[in-house]
Amino acid sequence: MSRQMKNIISVLLLASLGIFQGETIVSAQSDFREQQSLCTASLVANNLNARITLRSGPGTNFKSLGYGLVGDYIYILATNPPEADYARDRQGYFWYRVGFPRSGAQGWIREDFLKKFCQYD
């Protein structure tokens, strides 16, 4: 399947979940108060049964707040859009601050577990 076809399928899936309105990603402001999102993401992993840990900060040394499952859709949060809130840990991994729209849970997830869909890409 071509990359373009995969992107079309992703947009259609996000639209069916109510994350998109037209061609614009819905702001997460209503779900996360002062925060906004120009990006959504789906959780990914090599193991389709993986639990992806939501952390209280950007690194594995931070407390676990719960987990998401492969395929879950989330917002990548930004205090000052369009720049998403992210940080690099001591091992060199990037982490993004995220929010789960259904539960309202917020925390940090490592970048390699995210497939991002950004309005400005």
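Residues numbered from 1 in each chain as written. Predicted model: local features only at pLDDT ≥ 70, side-chain atom pairs only at ≥ 80, totals over all residues. Heavy atoms only, no water.

A look at the state of the cysteines
Convention followed: By disulfide we mean two sulfur atoms from cysteines, separated by a distance within 2.5 Å. Each helix is a run of H or I in the DSSP string that is no shorter than four residues. Each strand is a run of E no shorter than two, and both are numbered from the N terminus. A simple rule labels every residue: compare its accessible area, found with a 1.4 Å probe on the protein chains alone, to the largest value its type can have, and call it buried under 20%, exposed over 50%, or partly exposed in between.
Throughout the structure, instances matching the rule amount to one disulfide. The disulfide partner of C39 is C118, and the S-S distance across this bridge is 2.1 Å. Measuring handedness by torsion sign, the sulfur bridge of C39 and C118 sits at about 110° and is right-handed. Of this pair, C39 sits in strand 3 (residues 36-43) while C118 sits in strand 10 (residues 114-118); the two residues are 79 residues apart in sequence, bridging distant segments of the chain. Exposure remark for C39: the relative accessible area of 3% places this residue in the buried category.

A look at the environment of W108
Keep this limit in mind: In what follows, residue pairs with any heavy atoms lying within 4.5 Å of each other are defined as contacts.
You can see W108 is positioned in strand 9 (residues 106-110). For W108, a relative accessible area of 13% corresponds to the buried category. Those residues within four positions of W108 in sequence are excluded, and the remaining contacts are T53, L54, R55, S56, G57, P58, D85, Y86, A87, W95, Y96 and R97.

Quick look at the side chain of R55
Filter applied, for reference: Positive residues here are Lys and Arg, negative ones are Asp and Glu, while His and the chain termini are left out of the count. Any Lys or Arg side-chain nitrogen located within 4 Å of an Asp or Glu carboxyl oxygen qualifies as a salt bridge. The definition of a polar contact used here is a pair of N or O atoms within 3.5 Å, where within protein one atom must be able to donate a hydrogen and the other to accept one, and adjacent residues in sequence count solely through side-chain atom pairs.
Looking at the secondary structure, you find R55 in strand 4 (residues 51-55). The side chain of R55 is buried and forms no salt bridge, while D89, the nearest opposite charge, is found at 8.9 Å. Within the structure, the side chain of R55 is placed 3.4 Å from the backbone oxygen of T60, a separation counted as a polar contact. From its side chain, R55 meets the backbone oxygen of F62 in a polar contact 2.9 Å long. Apart from the residues within four sequence positions on either side, R55 is in contact with T60, F62, K63, S64, L65, W95, G107 and W108.

Structural notes on the confidence of the model for the protein chain
We count it as follows: Confidence of the predictor at the level of single residues is captured by pLDDT, which takes values from 0 to 100.
In the predicted model, the protein chain carries a mean pLDDT of 78, and 69% of its residues have values of at least 70. Low confidence marks residues 3-30, where pLDDT is under 50. Its contacts with residues over four positions away, or in another chain, come to 38 contacts.

Remarks on the nonpolar core
Threshold: Side-chain atoms within 4.5 Å link the members of a nonpolar core, which is a set of buried Ala, Val, Leu, Ile, Met, Phe, Trp, Tyr and Cys residues.
Among the nonpolar cores identified, the biggest contains 14 residues, and L43, I74, I76, V98, F100, I109 and L114 are the most heavily contacted of them. Secondary structure elements with two or more residues in this core: strand 3, strand 4, strand 6 (73-78), strand 8 (94-99) and strand 10. For this core, the element with the highest residue contribution is strand 3, accounting for three residues. Excluding its chain neighbours within four sequence positions, the residues that come into contact with V98 are L54, I74, Y75, I76, L77, A105, Q106, G107 and I109.

A closer look at the pattern of salt bridges
Tallied over the entire structure, the rule returns three salt bridges. One salt bridge connects E111 with K116, and the closest N-O pair in it is separated by 3.9 Å.

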